Amino acid sequence: MSAVEGKLLIGGEWVEPAGGTYDVVDPATEQVVGAAPEATRQQVYDAARAARDAFGPWSRTTPEERAAILDRAADLMQRDFAAHAEVAQAESGATTGTARGMQVGVGVTRFRRYARGALEPVEEGLAPQINEAGPMGKAGVMGALAVRQPVGVVTCITSYNNPWANPAGKIAPALAMGNTVVVKPAPQDPLSVFRMAAALEEAGAPPGVVNVVSGASVDVGEAAVDAPDVDMVSFTGSTAVGQRIGEVCGRTMKRQLMELGGKGAAIVFGDADLDSAVAGIGTTYAFYSGQICTAPTRALVHRSAYDAFVDKLTAYIGFMKVGDPRERGTVVGPVISAAHRERVESYVELGRKEGATVVAGGERPAYEQGFYVAPTLLAGCTNDMRVVREEIFGPVVTIVPFDGAGPGDEDEAVALANDSDYGLIDYVWSGDVARAFRVARRLRAGGVGVNTVGRNMEAPFGGFKKSGVGRDVGSYALHAYSELQSIVWPG
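A. Spotlight on the pattern of salt bridges. Under the defined criterion, the tally for this structure stands at 28 salt bridges. A salt bridge links Glu-16 to Lys-7; the shortest N-O distance between them is 3.5 Å. You can call Glu-16 exposed: its relative accessible area is 52%. Lys-7 gets classed as partly exposed once you look at its relative accessible area, which sits at 23%. A salt bridge links Arg-79 to Asp-80, with the nearest nitrogen and oxygen atoms 3.0 Å apart.

Now the structure itself:
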């Protein structure tokens, strides 16, 4: 089976959208690449009802059955890998390497991971408790079991920066745990998500287990959150939208998993390997053209290394080819839309007005088509500037110098890093690994990279402060999409 262009997937049927369709635009060419369906509020509610109806039977399937379907879905996604990557690139503007490796490739890997995850134990025996005689009954020994149960119907609202890995990281663990899902993809690039759902359908997912409702209207997302049949909302996106979702969920106590904004602090001490730090921080420009919440966009550099760091990062940018993401050698493709390009450019202009020095970039690349932004480096920043404090979500890095000697430089660096509304992933570069780990423990962030921007995909992922609620990735995602139930009995 394959996705039917321009139709929604509700209860196992490809349904005509009552709201018509809208164009999906290639950020590199500004050409229309497909028609996406516009759901109505009632159709979203219908999808949630279909998921509710499917939940009982699906939650009672064996882990082996769920694992087999997820594994088959991964096989089918791999079968059509090239076509999927082509669509993902066309609707997201990703470079070829990113579309293939970081988008579709990671999506397939996540389905395989949670095929295994479906088989992970969901029961944990607890130590027996000896109770004295009292109001609760006779003296005795009480056994106990902690059991993970599926939450129910999960709304998955995905981000535009990765139309494969992000939804796969929600759908696969949710299904592995026995939940059913209503997926509301990002309006800019929903076509990939329909392909993912079609693979699950072909793999044997029963009708209603996976439903996809798209739309450019805010009403579609709101309906996916407030639908009475929804038990949980898993959202990746901006903090502002996450806060509004949290308010709605709070009214009926829906469970939440929120991966929100970031403004990653990258502390670079005077003894750091500057080439390693520059290469790591330079990934901000390369991956998704800076449209990534985990990017180290806020470089905090010790004064002793500041000039050399600025020179090296400026030179590094010089090798980052901006242009057509389909061309060999392109490192930085377009951002997602004209509106977002203007937003990023307005921040660069704001940085100038705030007193930052634009040492690289800052001008729009000279292309007749495409939403391109030049990799930009803002030096001489201070922590009170908006460009340092607010998430720009584009290929822009700000540099803030810090001073101090000995433990004093650690204190100042930590204070600057923690002086932020965000706390998703921070980074520390130092030749003294003991110091780097010491500093990492003091950072108010859900993750810290020590001398790397690499990730361990079994480690918990999520944010402190306004960067989110909850944790996923690895087995932690299985926990996120489950409720704990305790069962006790007399021994």
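B. View of the pairing of strand β7 (residues 153-157). Taken across its five residues, β7 has five buried, putting it largely inside the fold. Side-chain alternation along β7 places Val-153, Thr-155 and Ile-157 on one buried face and Val-154 and Cys-156 on a second face that is also buried. As paired strands, β7 and strand β8 (residues 180-184) are joined by five bridges and run parallel to one another. Each bridged residue has a counterpart across the sheet, and for Thr-155 the counterpart in β8 is Val-182. After leaving β7, the chain enters helix α5 (residues 165-176) and then returns to the sheet as β8, a path that is right-handed. Of the strand pairs in this sheet, β7 and strand β10 (residues 232-236) are connected by four bridges, and their pairing is parallel. Across the sheet, the residue bridging to Val-154 is Met-232, located in β10.

C. Main features of helix α9 (residues 274-281). Along α9, the residues that are buried comprise Leu-274, Ala-277, Val-278, Gly-280 and Ile-281. Projected onto a plane normal to the axis of α9, the buried residues spread over an arc of 165 degrees and lie on a single side. Backbone nitrogen of Asp-275 and a side-chain oxygen of the N-cap are separated by 3.1 Å at the start of α9; the cap is Asp-273.

D. Expanded view of the sheet that holds strand β13 (residues 298-302). Spatially, seven strands are ordered β14-β15-β16-β13-β12-β17-β18 in an open sheet, and the strand pairing comes out mixed. Bordering the open sheet on either side are β14 (357-360) and β18 (447-450), each of which pairs with just one other strand. Each adjacent strand pair in this sheet contributes to an overall mean axis angle of 25 degrees, direction not counted. Relative to strand β16 (residues 396-402), β13 runs parallel, the two being bridged by five bridges. Opposite Leu-300, over in β16, you have Val-400 as the bridge partner. Taken strand by strand, helix α15 (residues 433-442) contacts β12 (265-268), β17 (425-429) and β18, and its axis lies near 165 degrees from that of β18.

E. View of the environment of Ser-276. With respect to the secondary-structure elements, Ser-276 resides in helix α9. The partly exposed category is assigned to Ser-276, whose relative accessible area is 27%. It is 11 Å that separates the C-alpha atoms of Ser-276 and Phe-309, two residues lying 33 residues apart in sequence. A polar side-chain atom of Ser-276 sits 3.1 Å from a polar atom in the side chain of Trp-429.

F. Looking closely at the pairing of β17. Counting buried residues along β17, five of its five residues qualify, which places the element largely inside the surrounding structure. Residues Ile-425, Tyr-427 and Trp-429 line one face of β17 and the alternating positions Asp-426 and Val-428 line the opposite face, and both faces are buried. Summarising the sheet, β12 and β17 pair through three bridges and their orientation is parallel. Following the sheet pairing, Ile-267 is matched in β17 by Val-428. Looking at chain direction, β17 and β18 are connected through four bridges and run parallel. Looking at the pairing, Ile-425 lines up with Gly-447 of β18. This β-α-β element, β17 to α15 to β18, shows right-handed connectivity.

G. Main features of the sheet that holds strand β20 (residues 482-490). Here we have three strands laid out as an open sheet, ordered β5-β6-β20, and antiparallel in their pairing. The open sheet has two free edges, formed respectively by β5 (123-131) and β20, since each of these has just one partner strand. When the angles between neighbouring strand axes are averaged without regard to direction, this sheet yields 25 degrees. As paired strands, β5 and strand β6 (residues 140-150) are joined by seven bridges and run antiparallel to one another.

H. Highlighting unusual backbone geometry. Look at Met-253: it is not a glycine, yet its phi comes out positive at around 60 degrees. Within the fold, Met-253 resides in the loop between α8 (239-252) and β11 (255-259). Exposure remark for Met-253: the relative accessible area of 59% places this residue in the exposed category. Positive phi outside glycine occurs at Phe-393, with the angle close to 60 degrees. Relative to the helices and strands, Phe-393 is located in the loop between α13 (386-389) and β16. On the basis of relative accessibility, which here comes to 18%, the residue Phe-393 falls in the buried class.

I. Quick peek at the nonpolar core. Membership of the largest hydrophobic core comes to 50 residues, with the highest contact counts inside it found for Phe-111, Leu-175, Val-181 and Leu-200. When residues of this core are assigned to their parent elements, the largest contribution, eight residues, is made by helix α6 (residues 191-203). If near-sequence neighbours (up to four positions away) are discounted, Leu-175 is found in contact with Trp-58, Arg-66, Leu-70, Thr-180, Val-181, Leu-200, Val-209 and Val-210. In terms of nonpolar packing, the next biggest core, distinct from the first, is built from 38 residues, Tyr-160, Ala-266, Cys-293 and Val-332 among them.

About the thresholds
Residues numbered from 1 in each chain as written. Predicted model: local features only at pLDDT ≥ 70, side-chain atom pairs only at ≥ 80, totals over all residues. Heavy atoms only, no water. Salt bridge = Lys/Arg side-chain N within 4 Å of Asp/Glu carboxyl O. Buried < 20%, exposed > 50% of the residue type's maximum accessible area, 1.4 Å probe, protein only. Helix = DSSP H or I, 4+ residues; strand = E, 2+ residues; numbered from the N terminus. Pairing = 2+ DSSP bridges. Right-handed = clockwise from strand over helix to strand, strands pointing away. Arc of directions from axis to C-beta. Polar contact = N/O pair within 3.5 Å; in protein donor to acceptor, adjacent residues only side chain to side chain. Axes fitted to C-alpha atoms, helices over the stretch in contact; angles between N-to-C directions. Contact = heavy atoms within 4.5 Å. Core = buried A, V, L, I, M, F, W, Y, C linked by side-chain atoms within 4.5 Å.

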